[in-house]
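Each chain is listed here by its residues.
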Amino acid sequence: MSLADGPAIETEGLTKRYGETTAVSSLTMTVERGTVYGFLGPNGAGKTTTMKMLTTLTAPTDGSARVAGHPIAERESVTTHIGYLPEEPPIYEELTGREQLEYAAGLRDLPETAASERIESLLERFDLLADASKRIEEYSKGMRQKVGVIQAVLHEPDVAFLDEPTSGLDPRAARTMRDTIAELADREMTIFLSTHILPVVDELADEIGVLHDGTLVAEGDPERLKSRAETGGPRSLEDAFLELTREHGDDGLATEGTAE
Ligand SMILES: Nc1ncnc2c1ncn2[C@@H]1O[C@H](COP(=O)(O)OP(=O)(O)OP(=O)(O)O)[C@@H](O)[C@H]1O
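Attention here is on the structure that accompanies the text. In every chain, residue numbers begin from 1 and rise along the written sequence. It should be noted that, the model being predicted, local features are given only for residues of pLDDT at least 70 and side-chain atom pairs only at 80 or more, the latter also being counted only at that level, while totals for whole chains, interfaces and linings use all residues.

**What to know about the packing of helix α3 (residues 97-107) against helix α5 (residues 141-153)**
Axis geometry follows a simple rule: fit a line to the C-alpha atoms, using only the stretch in contact for helices, then measure angles between N-to-C directions, giving values from 0 to 180 degrees. Strands here mean DSSP runs of E at least two residues long; helices mean DSSP runs of H or I at least four residues long; both are numbered from the N terminus. At a minimum axis separation of 10 Å, α3 and α5 run at an interaxial angle of 20°. What the angle tells us is that α3 and α5 run roughly parallel. Our pair here, α3 against α5, has a crossing hand that is right-handed. Contact residues: G97, Q100, L101 and A104 in α3; V147, I150 and Q151 in α5. Every angle not falling under 35 degrees, over 145, or within 65 to 115 is termed oblique; those three ranges are roughly parallel, roughly antiparallel and roughly perpendicular. If you view the pair so one helix is near and one far, a crossing is left-handed when the near helix is turned anticlockwise from the far one by less than a right angle, and right-handed when it is turned clockwise. Our contact criterion uses C-beta atoms placed from the backbone: two residues qualify when those atoms are within 7 Å.

What follows is the structure, given as C-alpha coordinates:
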(Lines give C-alpha, C1' and ligand atoms only; values in the text may rest on other atoms or scores of the structure.)
Protein backbone atom coordinates (compact mmCIF):
# COMPACT_ATOMS: atom_id res chain seq x y z
CA MET A 1 0.00 0.00 0.00
CA SER A 2 1.28 3.46 -0.79
CA LEU A 3 0.46 6.70 0.94
CA ALA A 4 -1.97 7.58 -1.84
CA ASP A 5 -4.16 4.68 -0.73
CA GLY A 6 -4.74 5.71 2.85
CA PRO A 7 -4.20 8.12 5.69
CA ALA A 8 -0.76 9.52 6.45
CA ILE A 9 -0.83 8.15 9.98
CA GLU A 10 -3.07 5.52 11.54
CA THR A 11 -2.62 4.14 15.04
CA GLU A 12 -4.57 1.44 16.79
CA GLY A 13 -4.22 0.94 20.54
CA LEU A 14 -0.68 2.32 20.43
CA THR A 15 0.83 1.97 23.89
CA LYS A 16 4.23 2.58 25.44
CA ARG A 17 5.11 1.66 28.99
CA TYR A 18 8.37 2.45 30.72
CA GLY A 19 8.34 0.19 33.79
CA GLU A 20 5.46 1.43 35.95
CA THR A 21 4.88 4.53 33.80
CA THR A 22 2.41 4.36 30.92
CA ALA A 23 3.68 7.14 28.67
CA VAL A 24 1.13 6.50 25.91
CA SER A 25 -2.04 4.57 26.57
CA SER A 26 -3.97 2.83 23.81
CA LEU A 27 -3.78 5.70 21.33
CA THR A 28 -6.07 5.31 18.33
CA MET A 29 -5.95 8.14 15.82
CA THR A 30 -5.95 8.94 12.12
CA VAL A 31 -4.16 11.79 10.37
CA GLU A 32 -5.29 12.45 6.81
CA ARG A 33 -2.61 13.12 4.22
CA GLY A 34 -1.80 16.66 3.22
CA THR A 35 -3.06 18.02 6.53
CA VAL A 36 -1.40 19.77 9.45
CA TYR A 37 -2.15 17.87 12.66
CA GLY A 38 -1.55 19.86 15.84
CA PHE A 39 -0.55 17.49 18.62
CA LEU A 40 -1.02 19.18 21.98
CA GLY A 41 -0.64 18.16 25.58
CA PRO A 42 0.83 19.30 28.90
CA ASN A 43 4.42 18.46 29.81
CA GLY A 44 4.80 14.71 30.22
CA ALA A 45 1.57 13.92 28.31
CA GLY A 46 3.35 11.50 25.97
CA LYS A 47 3.79 13.59 22.81
CA THR A 48 7.49 12.91 22.30
CA THR A 49 7.02 9.23 23.09
CA THR A 50 4.26 9.04 20.46
CA MET A 51 6.50 10.73 17.89
CA LYS A 52 9.37 8.40 18.74
CA MET A 53 7.13 5.40 18.09
CA LEU A 54 5.76 6.83 14.84
CA THR A 55 9.27 7.63 13.59
CA THR A 56 10.41 4.09 14.57
CA LEU A 57 12.91 5.31 17.17
CA THR A 58 11.26 3.30 19.90
CA ALA A 59 9.04 0.24 19.66
CA PRO A 60 5.53 0.24 21.15
CA THR A 61 4.77 -2.05 24.08
CA ASP A 62 1.41 -2.77 22.50
CA GLY A 63 -0.78 -1.76 19.57
CA SER A 64 0.16 -0.87 16.01
CA ALA A 65 0.58 2.04 13.65
CA ARG A 66 1.08 2.74 9.97
CA VAL A 67 2.91 5.79 8.73
CA ALA A 68 2.80 6.72 5.03
CA GLY A 69 1.07 3.39 4.50
CA HIS A 70 3.80 1.29 6.14
CA PRO A 71 3.67 -0.54 9.47
CA ILE A 72 6.09 1.05 11.95
CA ALA A 73 7.61 -2.38 12.52
CA GLU A 74 9.04 -2.05 8.97
CA ARG A 75 11.54 0.55 9.94
CA GLU A 76 13.23 1.23 6.61
CA SER A 77 9.99 1.51 4.65
CA VAL A 78 8.78 4.12 7.13
CA THR A 79 11.97 6.15 7.49
CA THR A 80 12.26 6.63 3.72
CA HIS A 81 8.97 8.50 3.73
CA ILE A 82 9.33 10.67 6.82
CA GLY A 83 11.30 13.57 8.20
CA TYR A 84 11.73 14.27 11.92
CA LEU A 85 12.72 17.36 13.82
CA PRO A 86 13.22 16.14 17.40
CA GLU A 87 13.63 18.47 20.39
CA GLU A 88 17.41 18.37 19.89
CA PRO A 89 18.11 18.33 16.14
CA PRO A 90 20.76 15.76 15.18
CA ILE A 91 23.57 17.97 13.86
CA TYR A 92 27.35 17.82 13.89
CA GLU A 93 29.07 20.72 15.61
CA GLU A 94 32.19 20.45 13.46
CA LEU A 95 30.35 20.75 10.13
CA THR A 96 29.28 24.00 8.56
CA GLY A 97 25.54 24.53 8.14
CA ARG A 98 25.80 23.83 4.44
CA GLU A 99 27.91 20.69 4.97
CA GLN A 100 25.40 19.38 7.49
CA LEU A 101 22.59 19.79 4.96
CA GLU A 102 24.66 18.20 2.19
CA TYR A 103 25.35 15.31 4.52
CA ALA A 104 21.62 14.97 5.29
CA ALA A 105 20.82 15.05 1.56
CA GLY A 106 23.45 12.34 0.95
CA LEU A 107 21.87 10.09 3.58
CA ARG A 108 18.60 10.46 1.70
CA ASP A 109 20.25 9.71 -1.68
CA LEU A 110 19.08 13.00 -3.16
CA PRO A 111 20.60 13.76 -6.57
CA GLU A 112 23.40 16.29 -6.02
CA THR A 113 22.16 19.11 -8.23
CA ALA A 114 18.60 18.99 -6.99
CA ALA A 115 19.83 18.76 -3.39
CA SER A 116 22.14 21.71 -3.83
CA GLU A 117 19.39 23.88 -5.35
CA ARG A 118 17.01 23.01 -2.54
CA ILE A 119 19.63 23.59 0.14
CA GLU A 120 20.52 27.04 -1.21
CA SER A 121 16.90 28.05 -1.54
CA LEU A 122 16.03 26.92 2.01
CA LEU A 123 19.17 28.57 3.43
CA GLU A 124 18.10 31.78 1.77
CA ARG A 125 14.51 31.47 2.92
CA PHE A 126 15.64 31.01 6.53
CA ASP A 127 18.16 33.84 6.29
CA LEU A 128 21.09 31.48 6.83
CA LEU A 129 23.04 32.04 3.61
CA ALA A 130 25.55 34.44 5.16
CA ASP A 131 26.35 31.92 7.91
CA ALA A 132 26.16 28.74 5.84
CA SER A 133 29.96 28.41 5.69
CA LYS A 134 30.41 28.78 9.45
CA ARG A 135 30.72 25.77 11.70
CA ILE A 136 27.57 24.82 13.59
CA GLU A 137 29.49 25.13 16.88
CA GLU A 138 29.32 28.89 16.29
CA TYR A 139 25.54 28.85 15.69
CA SER A 140 22.90 30.22 18.04
CA LYS A 141 20.02 27.99 19.20
CA GLY A 142 17.71 29.50 16.59
CA MET A 143 20.22 28.93 13.77
CA ARG A 144 20.58 25.28 14.84
CA GLN A 145 16.82 24.95 14.88
CA LYS A 146 16.63 26.28 11.33
CA VAL A 147 19.19 23.70 10.15
CA GLY A 148 17.23 21.00 11.98
CA VAL A 149 13.99 21.93 10.26
CA ILE A 150 15.57 22.25 6.82
CA GLN A 151 17.09 18.80 7.09
CA ALA A 152 13.76 17.35 8.23
CA VAL A 153 11.98 18.48 5.04
CA LEU A 154 14.86 18.60 2.54
CA HIS A 155 13.91 15.30 0.88
CA GLU A 156 10.24 16.35 0.69
CA PRO A 157 8.98 13.48 2.84
CA ASP A 158 5.34 12.38 2.78
CA VAL A 159 5.09 13.01 6.51
CA ALA A 160 7.15 15.47 8.59
CA PHE A 161 7.15 15.19 12.39
CA LEU A 162 8.05 18.55 13.86
CA ASP A 163 8.59 18.88 17.61
CA GLU A 164 8.50 22.56 18.63
CA PRO A 165 9.68 23.86 15.23
CA THR A 166 9.51 27.52 16.29
CA SER A 167 11.56 26.95 19.44
CA GLY A 168 14.35 29.53 19.76
CA LEU A 169 13.29 31.43 16.64
CA ASP A 170 12.95 35.21 16.56
CA PRO A 171 9.59 36.58 15.37
CA ARG A 172 10.68 36.91 11.73
CA ALA A 173 12.10 33.38 11.62
CA ALA A 174 9.01 32.03 13.39
CA ARG A 175 6.88 33.66 10.68
CA THR A 176 9.07 32.06 7.97
CA MET A 177 8.64 28.72 9.72
CA ARG A 178 4.86 29.05 9.80
CA ASP A 179 4.73 30.11 6.14
CA THR A 180 6.99 27.19 5.20
CA ILE A 181 4.82 24.68 7.07
CA ALA A 182 1.69 26.04 5.36
CA GLU A 183 3.35 25.81 1.94
CA LEU A 184 4.57 22.28 2.54
CA ALA A 185 1.05 21.24 3.53
CA ASP A 186 -0.28 22.88 0.35
CA ARG A 187 2.11 20.63 -1.57
CA GLU A 188 0.50 17.56 0.07
CA MET A 189 3.10 17.02 2.76
CA THR A 190 1.49 15.90 6.01
CA ILE A 191 2.79 17.80 9.01
CA PHE A 192 2.55 16.30 12.48
CA LEU A 193 3.18 19.34 14.62
CA SER A 194 3.79 19.25 18.34
CA THR A 195 4.13 22.57 20.11
CA HIS A 196 3.11 24.41 23.27
CA ILE A 197 2.71 27.61 21.26
CA LEU A 198 -1.03 27.50 20.75
CA PRO A 199 -1.40 30.41 18.30
CA VAL A 200 0.85 28.48 15.87
CA VAL A 201 -1.46 25.49 16.06
CA ASP A 202 -4.54 27.69 15.84
CA GLU A 203 -3.19 29.27 12.65
CA LEU A 204 -1.90 26.15 10.93
CA ALA A 205 -3.70 23.03 12.09
CA ASP A 206 -6.51 21.41 10.15
CA GLU A 207 -7.05 18.99 13.01
CA ILE A 208 -5.92 19.02 16.62
CA GLY A 209 -5.45 16.18 19.07
CA VAL A 210 -5.05 16.83 22.79
CA LEU A 211 -3.10 14.24 24.71
CA HIS A 212 -3.26 14.04 28.48
CA ASP A 213 -1.59 11.38 30.62
CA GLY A 214 -0.96 9.34 27.49
CA THR A 215 -4.62 9.40 26.43
CA LEU A 216 -6.23 11.35 23.60
CA VAL A 217 -8.80 13.45 25.46
CA ALA A 218 -10.07 15.60 22.58
CA GLU A 219 -9.81 15.71 18.81
CA GLY A 220 -11.29 18.00 16.17
CA ASP A 221 -10.65 21.00 13.98
CA PRO A 222 -9.63 24.20 15.80
CA GLU A 223 -13.10 25.75 15.52
CA ARG A 224 -14.74 22.69 17.01
CA LEU A 225 -12.30 22.59 19.91
CA LYS A 226 -12.82 26.29 20.54
CA SER A 227 -16.62 26.14 20.62
CA ARG A 228 -18.00 25.69 24.12
CA ALA A 229 -19.98 22.52 24.61
CA GLU A 230 -22.48 24.33 26.87
CA THR A 231 -23.19 27.48 24.89
CA GLY A 232 -21.69 26.86 21.46
CA GLY A 233 -19.94 30.25 21.89
CA PRO A 234 -16.27 30.76 21.03
CA ARG A 235 -13.27 30.62 23.37
CA SER A 236 -9.55 30.83 22.67
CA LEU A 237 -7.58 27.68 21.91
CA GLU A 238 -5.64 28.33 25.11
CA ASP A 239 -8.87 28.39 27.13
CA ALA A 240 -10.01 25.21 25.40
CA PHE A 241 -6.67 23.53 26.11
CA LEU A 242 -6.70 24.57 29.76
CA GLU A 243 -10.28 23.43 30.25
CA LEU A 244 -9.75 20.13 28.49
CA THR A 245 -6.65 19.27 30.47
CA ARG A 246 -8.13 20.55 33.74
CA GLU A 247 -11.25 18.44 33.20
CA HIS A 248 -8.96 15.49 32.96
CA GLY A 249 -7.33 16.08 36.30
CA ASP A 250 -4.31 18.24 35.49
CA ASP A 251 -3.81 21.26 37.66
CA GLY A 252 -0.15 21.76 36.78
CA LEU A 253 -1.26 23.47 33.61
CA ALA A 254 1.20 23.93 30.79
CA THR A 255 0.78 27.66 30.63
CA GLU A 256 4.48 28.42 30.42
CA GLY A 257 4.96 27.66 26.75
CA THR A 258 1.67 29.05 25.55
CA ALA A 259 2.81 32.63 25.02
CA GLU A 260 4.67 33.28 21.82
N1 LIG B 1 13.00 6.86 28.28
C2 LIG B 1 12.09 6.99 29.24
N3 LIG B 1 12.16 6.23 30.37
C4 LIG B 1 11.24 6.35 31.34
N5 LIG B 1 10.18 7.18 31.30
C6 LIG B 1 10.05 7.95 30.21
C7 LIG B 1 10.99 7.90 29.14
N8 LIG B 1 10.60 8.79 28.17
C9 LIG B 1 9.48 9.37 28.65
N10 LIG B 1 9.15 8.87 29.86
C11 LIG B 1 7.96 9.25 30.65
O12 LIG B 1 6.84 9.13 29.81
C13 LIG B 1 5.93 10.21 30.05
C14 LIG B 1 5.70 10.95 28.74
O15 LIG B 1 6.91 11.65 28.38
P16 LIG B 1 7.05 12.45 27.00
O17 LIG B 1 8.46 12.92 26.92
O18 LIG B 1 6.54 11.58 25.89
O19 LIG B 1 6.04 13.66 27.22
P20 LIG B 1 5.84 15.01 26.37
O21 LIG B 1 4.36 15.14 26.18
O22 LIG B 1 6.68 14.97 25.15
O23 LIG B 1 6.34 16.12 27.38
P24 LIG B 1 7.01 17.59 27.13
O25 LIG B 1 5.91 18.50 26.65
O26 LIG B 1 7.47 17.96 28.50
O27 LIG B 1 8.14 17.43 26.15
C28 LIG B 1 6.54 11.05 31.16
O29 LIG B 1 5.98 10.60 32.38
C30 LIG B 1 8.00 10.70 31.10
O31 LIG B 1 8.59 10.82 32.37
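**Observations concerning the nonpolar core**
Defined on buried residues, the nonpolar core groups Ala, Val, Leu, Ile, Met, Phe, Trp, Tyr and Cys residues joined through C-beta atoms within 7 Å. Comment: burial labels come from other C-beta atoms within 10 Å of the residue's own C-beta, placed from the backbone, where a count of 20 or more is buried, 12 or fewer is exposed, and between is partly exposed. If you look at the biggest cluster of nonpolar residues, it comprises 65 residues, and the most contacted ones within it are F161, I191, F192 and L193. When residues in this core are grouped by element, the largest group, six residues, is from α5. If we ignore the near neighbours within four places in the chain, the residues touching I191 are V36, A160, L162, I181, L184 and A185.

**A short note on the site of the ligand**
Whether a residue is near a molecule or strand depends on its C-beta atom, placed from the backbone, lying within 6 Å of it. Surveying the vicinity of the ligand reveals the residues Y18, T21, A23, G41, N43, G44, A45, G46, K47, T48 and T49. Contributing elements (two or more residues each) for the shell around the ligand: β2 (21-31) and α1 (47-54). Think of it as three bins: nonpolar holds Ala, Val, Leu, Ile, Met, Phe, Trp, Tyr, Cys and Pro, charged holds Asp, Glu, Lys and Arg, and polar takes everything else, Gly as well. When its residues are assigned to classes, the shell around the ligand shows three nonpolar, seven polar and one charged.

**Section: the packing of α3 against helix α4 (residues 112-125)**
Taken N-terminus to C-terminus, the directions of α3 and α4 make an angle of 140°; their axes are 10 Å apart at the nearest point. Here α3 lies oblique to α4, going by the angle between them. Here α3 and α4 pass one another in a crossing that is right-handed. Contacts between α3 and α4 involve R98, L101, E102 and A105 on the former and, on the latter, A115, I119 and L123. Residue classes in the contact of α3 with α4 are distributed as five nonpolar, no polar and two charged.

**A word on the sheet that holds strand β4 (residues 62-67)**
Two strands pair under a simple rule: DSSP has to find at least two bridges between them. Strand order in the open sheet formed by four strands is β2-β1-β4-β5, and the pairing between neighbours is antiparallel. Across the chains shown, the open sheet's two edge strands, defined by having one partner strand only, are β2 and β5 (70-71). For β4 and β5, the ladder comprises two bridges, and the chain directions are antiparallel. What sits directly across from V67, in β5, is H70.

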